[in-house]
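# Breakdown of the fold
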Amino acid sequence: MLGKFERFNHRLSGWCEWLGIVAMLLMMVITCIDVVGAKVFKWPLLGALDIVMLSQIVAISFAASVTLIAGRHIQVEFLFNLLPRRARAVINSTVLLLGLGLFILIIWRLCVLGYAFQTSGEYSPTAYIPLYPFAYAIALASIPVCLVLLLEFLKSLTKRGQQ
Amino acid sequence: MSPATAGIIGIIFLVVLFLLRMPVAFAMALVGFGGFAYLTSPEAALGLLGRDIFDQFSSYPLSVIPMFILMGTFAFASGISQRLYRTAYAWIGHRRGGLTVATVFACAGFGAICGSSTATAATMGKIALPEMKKYNYDDTLASGTVAAAGTLGILIPPSTVLIVYGILTEQSIGKLFVAGVLPGIILSIFFAATVALLCWRNPAIGPPGTPSSWREKWEALTGIVEAFLLFLLAIGGLFLGWFSPTQAGAIGAGGALVIGLTRRQLSWETFIEACKDGLRTSCMVIFIITGAVIFGHFMAVSRIPFMLAEWLGGLPIHPMAVMAVIAFIYFIGGFFMDAMGLIVVTIPIFFPIVEKLGFDPIWFGVIIVLVGEMGVITPPVGVNVFVIKGIAPDIPLENIFRGILPFLVALILFTALLMVFPQIATFLPSLVSY
């Protein structure tokens, strides 16, 4: 059961990562076009800054779950590894629950922020792109993070149960 | 409970979460959110959480991070590092300890287009270690050199750590980059001198390689032309004020991509791998900055940094003694935490002190990068050491750590030199006005 859940998480995070890659490459391409346009043709790309800012939201938020799966976040490992296995399992479960709680809060608050943007009609400064879909996008991209943390929590419970 | 007491409890709680292996970014966000909720109100903290995340993720100044990280990953995928090493090898590989000196200068060269010490050590380790093994170089010297010289990646511009420091302290990234140039060159010379000294004492540890003909030497020079041009275009353009930092990074990334395509080194698979690596690293860095911003809000309402700055500023001791204590704290902290994490966590606390004592923030940025470099190569969390161990599993970990010791001494001596002569870091930035 957990194996299926893990495969689903990996696949979902993989799709999200592709979105992130496209957004990151868009940031690079748009900036290059803007620079060449402004310096060579004296014709900067209108709204380039806005597109870069909003693409960054997509790139970073949709890469969050795969970054977590790949273990790329900085962690202090040295003391944890010295603890007995049982203590490690208990601590691991607690830390994962705290992380899960944090990301549930994040989803909630980004939905609230998105709704506030939607009702007040907030737009980006130059290209006037509505901001609310991007707040919702961060909330949406945080769901796979919650799933990864939930899976790890369930796995840690199983390991403890086996002991 | 007073705000200061709540702040101290928050810091203790943060350290506990770190020790329990919670990712640094998550721990800072959680403690920052909880502390801010306690000192202001839960409603204010909830509002701040969503707003901070949206503001940081959409921050244009932060977009410099993915761009320079992408430049480094594309440069690696384009084989620039291999050609840099081949050039250094052709010119100095035939001398005693020449391959290790070549490794140091190739690391410095790669550091000029890649802003990560781990990436520099990993890249050069894969290329240089097999060569040094072929010529019977001592394992301890070879592995220690690559791990230590890899740290040049975060000092020589572009540097991800200096970018993050610049963003958190609102300093000019251009000036910080310029400030890293002279220290980077001098530290490379220090490392090369360390190798020369070790090989002079014991010639058996670094036997000479095969000499190259003058024709081979000149031909090898063409291998660094592209790296030089890329540096000149991206970093030079930034120094001259042609580009903003984000634009410089994007042009650098685009340039590295074009080099890889024209050299036919970049396959679809390596391109995707480079993109994935760049995206994941960028995500980690931006998350950690977001965590630091949330934690910074908590620290600001607790008033701890300002009280600490007032107290230290009023002590009847020389400001340089305070600076030495701060550097020592970074040195000890580096034993347990990655340079980036350490700097992000401590900047909200130490930066007001540095400002209060009247130190140049640009110089301080270079100092903490140097001390952070020490953390990258010292146990138990010497990331570069583990990277080298991963590349050369047959070299015992203790040999790599032993190999690093002479370079650590060189790094400490150079940091002391920079404290005595801050002009090494501040001279070049004083020439630029942006």
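That block above? That's the structure.
Sequence order as written defines the numbering, with residues in each chain counted from 1. Just so you know, chain letters begin at A and ligand numbers begin at 1, following the order they were written in. Note on the predicted model: pLDDT of at least 70 is required for a residue's local features to be given, and 80 or more for side-chain atom pairs to be given and counted; whole-chain, interface and lining totals, by contrast, use all residues. As a convention, hydrogens and water are excluded, and side-chain values are obtained from all of the structure's heavy atoms.

## What about the layout of surface pockets?
Residues and elements named next belong to chain B. So the rule is basically this: In the cavity and pocket records, a cavity denotes points on a 1 Å grid over the protein atoms alone where a 1.4 Å probe fits but cannot get out, a pocket denotes an open set with protein on both sides within 12 Å along at least 5 of 7 lines, and lining residues are residues with an atom within 4 Å of a point. Grid points are joined across faces, edges and corners, and a volume is the space filled by probe spheres set on the points. Helix and strand assignments come from DSSP, with helices taken as H or I runs of at least 4 residues and strands as E runs of at least 2, each series counted from the N terminus. Any residue that is not Ala, Val, Leu, Ile, Met, Phe, Trp, Tyr, Cys, Pro, Asp, Glu, Lys or Arg is counted as polar, Gly included; the first ten are nonpolar and the last four charged.
Empty space within the largest pocket amounts to approximately 1100 Å³. Secondary-structure elements contributing two or more residues to the lining of the largest pocket are helix 4 (64-77), helix 7 (117-134), helix 9 (160-169), helix 13 (268-302), helix 16 (339-356) and helix 18 (383-391). No other element matches helix 13, which puts seven residues into the lining of the largest pocket. Looking at the lining of the largest pocket residue by residue, the class counts come to 20 nonpolar, 13 polar and six charged. Taken as a whole, the second largest pocket encloses approximately 580 Å³ of empty space. As for the second largest pocket, its lining consists of 22 residues, of which Ile11, Val15, Val345, Thr346 and Ile349 are closest to the centre. Of all the secondary-structure elements, those providing two or more residues to the lining of the second largest pocket are helix 1 (3-19), helix 14 (304-314), helix 15 (319-336) and helix 16. At seven residues, helix 1 tops the list of elements feeding residues into the lining of the second largest pocket.

## Structural notes on a nonpolar patch on the surface
Residues and elements named next belong to chain A. The cut-off we apply is this: Candidate patch residues must exceed 30% relative accessible area and have no salt bridge, after which like charges are joined if within 9 Å and Val, Leu, Ile, Met, Phe, Trp or Tyr side chains if within 5 Å. Note that accessible areas follow from Shrake-Rupley with a 1.4 Å probe, and for residues the cover is restricted to the protein chains shown. Only one rule defines a salt bridge in this text: a Lys or Arg side-chain nitrogen within 4 Å of an Asp or Glu carboxyl oxygen. Accessibility here uses a 1.4 Å probe with only protein chains present; expressed as a share of the type maximum, an area under 20% marks a residue as buried, one over 50% as exposed, and anything in between as partly exposed.
Taken together, the side chains of Val36, Val40, Phe41 and Trp43 define a hydrophobic patch exposed on the protein surface, amounting to about 500 Å² of accessible area. Counting through the fold element by element, valine 36 comes out in helix 1 (residues 2-40). Under the relative-accessibility criterion, valine 36 is labelled partly exposed at 39%.

## Section: the interface of chain B and chain A
A common way to state how big an interface is: give the accessible area lost once the parts meet. Under the convention used in this document: Any two residues having at least one pair of non-hydrogen atoms within 4.5 Å are treated as being in contact. By buried area we mean the combined loss of accessible area, with a 1.4 Å probe, across both parts when two parts are placed together. Two N or O atoms count as a polar contact when they lie within 3.5 Å, although within protein this holds only if one can serve as hydrogen donor and the other as acceptor, and sequence-adjacent residues are included solely when both atoms are side-chain atoms.
Listed as interface residues are 60 residues of chain B and, on the opposing side, 54 residues of chain A. Roughly 5400 Å² of surface becomes buried between chain B and chain A when both sides are summed, with 80% attributable to carbon and sulfur atoms. If you sort the residues of chain B by the area they bury against chain A, Arg21, Phe54 and Leu279 of chain B come out on top, with a joint share of 15%. The tally of links between chain B and chain A comes to two salt bridges. Inspection of the region where chain B meets chain A yields 10 residue pairs in polar contact (both at pLDDT 80 or more). Looking at the side of chain B that touches chain A, the elements that each hand over two or more residues are helix 1, helix 2 (24-39), helix 3 (42-57), helix 4, helix 12 (245-262), helix 13 and helix 16 of chain B. In terms of residue count, helix 13 of chain B provides more of the side of chain B that touches chain A than any other element does, 15 residues in total.

## Structural notes on the packing of aromatic side chains
Note the cut-off: In summary, the pairing rule links any two rings of Phe, Tyr or Trp, Trp by its six-membered ring, whose centres are within 6.5 Å, and it sorts them by plane angle into stacked for under 30 degrees, edge-to-face for over 60 and tilted for everything else. Note on criteria: charge over ring means Lys NZ or Arg CZ within 6 Å of the ring centre, with the direction from the centre no more than 35 degrees off the ring normal.
If you walk through the whole model with that rule in mind, you get 24 aromatic pairs over all chains. With 6.2 Å between their ring centres and 80 degrees between their planes, tyrosine 165 of chain B and phenylalanine 351 of chain B make a pair best called edge-to-face. Of this pair, tyrosine 165 of chain B sits in helix 9 while phenylalanine 351 of chain B sits in helix 16, and the two are 186 residues apart along the sequence. Residue class for phenylalanine 351 of chain B comes out buried when judged on its relative accessible area of 7%. Their ring planes at 80 degrees and their centres at 6.4 Å tell us that tryptophan 242 of chain B and phenylalanine 243 of chain B sit as a pair that is edge-to-face. One aromatic cluster in this structure is built from Tyr165, Tyr330, Phe350, Phe351 and Phe364 of chain B. Its guanidinium or amino end placed over the ring of tryptophan 108 of chain A, arginine 109 of chain A lies 4.8 Å from that ring's centre, counting from NZ or CZ.

## Points about empty space enclosed by the protein
Scanning the model with the defined rule gives one cavity of 30 Å³ or more in all. Taken as a whole, the largest cavity encloses approximately 140 Å³ of empty space. Considering the residues around the largest cavity, the lining is formed by 18 residues, among which Phe103 and Ile106 of chain A together with Ile53, Phe57 and Phe287 of chain B are closest to the centre. Elements with a contribution of two residues or more to the lining of the largest cavity: helix 2 (48-69), helix 3 (85-120) and helix 4 (132-162) of chain A together with helix 2, helix 3 and helix 13 of chain B. Looking at the lining of the largest cavity residue by residue, the class counts come to 14 nonpolar, four polar and no charged.

## Points about the state of the cysteines
Where we set the bar: Whenever a pair of cysteine sulfur atoms sits within 2.5 Å, that pair is classed as a disulfide.
One pass over the full model with this rule turns up zero disulfides over all chains. Here cysteine 199 of chain B stays free of any disulfide, with the sulfur of cysteine 107 of chain B as its closest cysteine sulfur at 16 Å.

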